[in-house]
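# Descriptive structure summary
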Amino acid sequence: MRGHRFWRGVAAATMAVCAGAAAAVPARAETAYPVGDLGTAVGNYLFSPDAVAGANVWSCAPSGEHPVPVVLVHGTTSNLGFSGARLAPLLANAGYCVYAFNYGETPSSLGHVYGLGDVAESARTMSAFVDKVLAATGAGRVDVIGNSQGGMMPNYYIKRLGGAAKVRTMVGLAPTNHGTTMGGLVDLARSLKVLGLVNDAYRFVGAPAYTQQEDGSDFQNALFADGDTVPGVRYLTIATTHDTTVTPLANSFLHGGDSVNILLQDLCPDDPVGHSGLWFDGPVAQIVLNALGPGEPGFRPQCTGYGPNI
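All figures in this text were calculated on a predicted structure; none of them were measured in a lab.

Burial of strand β1 (residues 70-73) is two-sided: the residues Val70 and Leu72 facing one way and the residues Val71 and Val73 facing the other way are all buried. Of the strand pairs in this sheet, β1 and strand β2 (residues 98-101) are connected by four bridges, and their pairing is parallel. Note that in β2 the partner of Val70 across the bridge is Val98. By the bridge criterion, four bridges tie β1 to strand β3 (residues 142-147) in an arrangement that is parallel.

Here we take up the packing of aromatic side chains. As enumerated under the stated definition, the model contains eight aromatic pairs in all. Geometrically, the ring pair formed by Phe101 and Tyr103 is tilted, given 5.9 Å between the ring centres and 50 degrees between the ring planes. Taken as a pair, Phe101 and Tyr103 share a single burial class, namely buried. For the pair Tyr202 and Tyr210, a centre-to-centre distance of 4.8 Å together with 10 degrees between the ring planes defines the contact as stacked. Put simply, the rings of Trp58, Tyr99, Phe101, Tyr103 and Phe129 pair up and form one aromatic cluster. Lys132 extends its terminal NZ or CZ atom over the ring of Trp58, reaching a point 4.5 Å from the ring centre.

Conventions used here
Residues numbered from 1 in each chain as written. Predicted model: local features only at pLDDT ≥ 70, side-chain atom pairs only at ≥ 80, totals over all residues. Heavy atoms only, no water. Buried < 20%, exposed > 50% of the residue type's maximum accessible area, 1.4 Å probe, protein only. Helix = DSSP H or I, 4+ residues; strand = E, 2+ residues; numbered from the N terminus. Pairing = 2+ DSSP bridges. Phe/Tyr/Trp six-rings, centres within 6.5 Å; stacked < 30°, edge-to-face > 60°. Lys NZ or Arg CZ within 6 Å of the ring centre and 35° of its normal.

The structure is reproduced here in structure tokens:
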């Protein structure tokens, strides 16, 4: 879920020419995709919302070293061009087959602003996309990396749509797993008995995903009523103390099963990265690469290349 901080970050970032979509060649060829930054992401958001360097190379053949394709999932009001600007080419250059998709389109999307629609319907979009990835690559399962709603919505796919058999690893970057109070605004609106009016307004403008990501929403309660995790899927959740979108930040964490929760500042105390900035954070990328690859126990990233505080 993204609020005013996302839009402030977009306005503040310098405009950049969007990174072009990768050519349709196998990832194991000597292709070096340009690794983007926040400026690239903003350019992609505006001019390349449906394509990003390193992703959706449908001829990609998973290697013996990296046999599991990776699916990136953007958050609310975002798109794959923005969210994949850094991580998609980074993973592709490391030898992974990388894929990304847009979901949650409503009349308010206007070709750029995705992740607004009903979360269950978005999960069905994900289900069809994962099936397409598995058919193209011949793989049996995928690894998923998602930020904000993109880290929560896949849980519906995993728990309710048979995704547990098709997902090996679920990596959530500041996911809205148990909803958010939005800094107490949700609680205030509920106490003033105006939350229903606010939610009606969200639905009217075509953004029901906002209401479903509220702390204590019927959707959240139903999704996790039978526990946070599903056997057979391994979960990694990364949160940041500078997150002002998911509040309290512990709502991001999952418990039970094969789950690991990381508070980024426990490893890199000076990292200023915010909610949306996790896509661009150096330590996060290192943690993700370790989780998908060698899985070194007690791994600690180098505290360098911090992401933006957005």
